[in-house]
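# Inside the fold
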Amino acid sequence: MVVSFLALLLLLLLSGSPPSALAAEDGEHGYTLVEISSLQEKDVCSGHRVPVPQNRTWVPLSLLHGSCSPASLSAHAKPTLAELLRHDEHRVEDIHRRLSGFADEKKKKIKKRAAGSTSTQMNSGPVLDVNMGTLSSTSSQSEVVFQPTATGGSSIRRRPPGVRQTVMVDTASDVPWVQCRPCSKPPCRSFDPARSNTYAAFRCNSTDCARLGPNANGCFRNQCQYRASSPDGLTSSGTYGSDVLAIGPARTIRRFKFGCSRAMRGSIGSAAAGGIMALGGGAQTLVAQTASAYGNAFSYCIPPTPSYPGFFTLGSPIAAASRRFVRTPLVRDGRSPATFHRVLLRGVSVAGRLLDVPAQLFAAGTVLDSRTAITRLPLTAYQALRAAFRSSMAAYRKAPRKGILDTCFNFTGVPVVNLPKVALVFDRNAVLELDPSGILFNDCLAFASNADDTAPGILGNVQQQTIEVLYDLATASVGFRRLAC
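Keep in mind the model is a prediction, meaning the values are calculated, not measured.

## Concerning the overall build of the protein chain
A count of helical and extended segments in the protein chain gives 9 helices and 33 strands. The 485 residues of the protein chain split such that 55% are buried. In the protein chain, once contacts between residues fewer than 6 apart in sequence are set aside, the share between residues at least 24 apart is 71%. Of the roughly 20500 Å² of accessible surface on the protein chain, a fraction of 52% belongs to carbon and sulfur atoms.

## Let's talk about the pairing of strand β2 (residues 31-35)
Taking burial as the measure, the 5 residues of β2 include 4 buried ones, the bulk of the element. Where β2 and strand β25 (residues 416-420) come together, 5 bridges link them in antiparallel fashion. Bridge pairing in β25 places leucine 33 opposite asparagine 418.

## Observations regarding the pattern of salt bridges
Counted by the stated rule, this structure contains 12 salt bridges. The salt bridge partner of aspartate 94 is arginine 98, with a shortest N-O separation of 3.2 Å. With aspartate 94 and arginine 98 both in helix α3 (residues 81-99), this residue pair falls 4 residues apart, about one helical turn. Between glutamate 433 and arginine 482 there is a salt bridge; the shortest N-O distance is 3.7 Å. Of this pair, glutamate 433 sits in strand β27 (residues 430-433) while arginine 482 sits in the segment after β33 (477-481), and the two are 49 residues apart along the sequence. For arginine 482, a relative accessible area of 29% translates into the label partly exposed. Each of Arg91, Asp170 and Asp369 takes part in a single network of salt bridges with overlapping partners.

## Here we look at the sheet that holds strand β26 (residues 422-426)
Read from one edge to the other, the open sheet built from 4 strands follows the order β20-β19-β26-β27, with strand pairing classed as antiparallel. Every other strand in the sheet has two partners, leaving β20 (353-354) and β27 as the edge strands with one partner each. With 4 bridges connecting them, β26 and β27 associate as antiparallel partners. Residue valine 425 lies in a different strand from β27, and its bridge partner there is valine 431.

## What about the packing of aromatic side chains?
Under the criterion given, the structure shown has 12 aromatic pairs. Clustering of aromatic rings is evident, with ring pairs tying together Phe191, Tyr199, Phe256 and Phe258. Looking at arginine 49, its charged tip hangs above the ring of tyrosine 308, at a distance of 5.5 Å from the centre.

## Quick word on the nonpolar core
The biggest cluster of nonpolar side chains holds 70 residues, and the ones touching the most others in it are Leu245, Leu286, Phe312, Leu385, Phe426 and Phe480. Residues within four places of leucine 385 in sequence aside, it is in contact with Val348, Val350, Leu355, Leu377, Leu445 and Phe447. With 15 residues, the next largest nonpolar core counts Leu64, Cys224, Ala228 and Met264 among its residues.

## Here's the deal with the confidence of the model for the protein chain
Per-residue confidence for the protein chain gives a mean pLDDT of 82, with 79% of residues at or over 70. Low pLDDT, under 50, characterises residues 1-27; the stretch is placed with 48 contacts to residues that sit more than four places away or in other chains. Confidence over residues 138-157 falls short of pLDDT 50; this stretch has 33 contacts with residues more than four positions distant or in other chains.

## Considering the state of the cysteines
Considering all chains together, one arrives at 6 disulfides under this definition. Shown here is the disulfide that connects cysteine 301 with cysteine 485, its sulfur atoms set 2.1 Å apart. Taking the sign of the torsion about the S-S bond as the criterion, the disulfide between cysteine 301 and cysteine 485, at about -80 degrees, is left-handed. Separated by 184 residues along the polypeptide, cysteine 301 in strand β15 (residues 297-301) and cysteine 485 in the segment after β33 bring together distant segments of the chain.

## Structural notes on the UniProt feature "active site" (unreviewed entry) in the protein chain
According to UniProt, the feature "active site" (unreviewed entry) maps to Asp170 and Asp369 in the numbering used here. Taking the farthest pair of C-alpha atoms as the criterion, the annotated set spanning 200 residues converges on one region, since that pair is 7.4 Å apart. By the element assignment, aspartate 170 lies in strand β7 (residues 163-170). Among the residues examined, aspartate 170 registers a relative accessible area of 0% and is labelled buried. Secondary-structure assignment places aspartate 369 in the loop between β21 (366-368) and β22 (375-377). Given a relative accessible area of 0%, aspartate 369 falls into the buried group.

## Things to note about the side chain of serine 477
With respect to the secondary-structure elements, serine 477 resides in strand β33. Its relative accessible area of 9% is what places serine 477 among the buried residues. Within the structure, the side chain of serine 477 is placed 3.1 Å from the side chain of arginine 327, a separation counted as a polar contact. Side chain to side chain, serine 477 and threonine 475 meet in a polar contact 2.8 Å long. Among all residues touching serine 477, those that are not within four sequence positions of it are Arg327, Thr328, Pro329, Leu330, Leu470, Tyr471 and Asp472.

## Focus on unusual backbone geometry
You will see that asparagine 296, though not glycine, has its phi angle at about 60 degrees, which is positive. For asparagine 296, the position within the fold is in the loop between α7 (291-294) and β15. Despite not being glycine, leucine 483 has its phi angle at roughly 55 degrees, a positive value. When its relative accessible area of 39% is taken as the criterion, leucine 483 is described as partly exposed.

## Here we look at the environment of aspartate 356
On the secondary structure map, aspartate 356 appears in the loop between β20 and β21. In this structure, the C-alpha to C-alpha distance between aspartate 356 and alanine 381, residues 25 residues apart in sequence, is 8.7 Å.

## Let's talk about the pairing of β33
Counted residue by residue, β33 has 5 buried out of 5 residues, so it is predominantly covered. Of the two faces of β33, the one lined by Ser477, Gly479 and Arg481 and the one lined by Val478 and Phe480 are each fully buried. Bridge count between strand β17 (residues 326-329) and β33: 4 bridges; the pairing is antiparallel. Bridge pairing in β33 links valine 326 to phenylalanine 480. Of the strand pairs in this sheet, strand β32 (residues 468-472) and β33 are connected by 5 bridges, and their pairing is antiparallel. When the sheet's bridge partners are listed, aspartate 472 is paired in β33 with serine 477. Hairpin geometry of β32 and β33 is characterised by an intervening segment of 4 residues between the two adjacent antiparallel strands and by a positive phi of about 50 degrees at alanine 476.

Basis of the calculations
- Residues numbered from 1 in each chain as written.
- Predicted model: local features only at pLDDT ≥ 70, side-chain atom pairs only at ≥ 80, totals over all residues.
- Heavy atoms only, no water.
- Helix = DSSP H or I, 4+ residues; strand = E, 2+ residues; numbered from the N terminus.
- Buried < 20%, exposed > 50% of the residue type's maximum accessible area, 1.4 Å probe, protein only.
- Contact = heavy atoms within 4.5 Å.
- Areas by Shrake-Rupley, 256 points an atom, 1.4 Å probe, with all protein chains shown as cover.
- Pairing = 2+ DSSP bridges.
- Salt bridge = Lys/Arg side-chain N within 4 Å of Asp/Glu carboxyl O.
- Phe/Tyr/Trp six-rings, centres within 6.5 Å; stacked < 30°, edge-to-face > 60°.
- Lys NZ or Arg CZ within 6 Å of the ring centre and 35° of its normal.
- Core = buried A, V, L, I, M, F, W, Y, C linked by side-chain atoms within 4.5 Å.
- pLDDT = per-residue confidence, 0-100.
- Disulfide = S-S within 2.5 Å.
- UniProt positions renumbered as here; feature names shortened; annotations may be inferred.
- Polar contact = N/O pair within 3.5 Å; in protein donor to acceptor, adjacent residues only side chain to side chain.

So this is what it looks like as structure tokens:
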């Protein structure tokens, strides 16, 4: 098996084709040969594996605490696997609560309990750098930087004005916000609105303040106040205003509306992370605010390990590139919060064989979430997936479970694994084959089950790795493009 793998890998390298997690496909049997070391994080950032999208507004994206994160984040203590999985469970439970039909009184109690939590940490998921405001200092306005390009070499570009902020990419939040001075939990990387020439707080009687809806939080000194919470209990409150937002070196968004956070409950996971870039379905998100310029669409690609960068883009791909996506409709039923982006999963295949589970199991829909790590399936569907995967991996030594991950292996002395392919089948026959990094996580099957068959599924960011996920809200569809980063 090892000889066959090395031969196939040599052919890939000679042909110039980018390997996906150093995997060589065995299409006849529905398996993929995977070098285990290719799924493990390295100490240094390896750079982009494939060219990033051209002629689109894009910015590098990295995984929190990874070697490709901003330098100030990389030195921060990484969470253990147990901590990450505990955070994951908390987030999943909160998403399920928000989508459930609980009575209003029960919802209030849950909201109060979540808001009071101070131990919540956003320990995983993608982050990106943006620039906020226009500093009064003229030196920062004209700084020229030497920047490496996506395909090698370098270019000279002008650094965007303002203060660099590292923000979490959150598709289950509606109000963007950054931490502002004075910082509620120093040390932190905060934006100082007093130093920006273009910052303005909204007045309490303004239209923009009224449009906050349930996120409005009263008035203070005739300045509009907001309150926003993420599905994992992280809550931010402060002044709602606008300023210039720069995404990448060439694109600026004037009068970008966001929360200037003065108080925060829970932890964002790193002192250097500055806030949340909300990308849910609400009216205050980045994509909603830029719809007229970028067509109400965005996409991202999460890398296979923290040792590689991915990317985030605003706008739809050009027509030729668009054909490389498989698409499925978004579910908008009017009864659930508009925040969540949901699709219909119809089935799952393992080693080329569709699992024998009824499509009705997935009727509650599947939430696409950038910050949940591990995909959740209805209980019956997960049990079928687990049985098929264990059968396909019977040749390998089993290992004890790791928290919610109950199908783990001991690959000591096994450099290459013959891994069964796993594909998700969405509505309108949109078939998405997962990357090996989306199948194995810490030597375990990277899926978990819901408590029953009634709650919605969640497509986590581990399964989204190496895939460009396109949220085309203008056409109410989601697209998937494999081998994108």
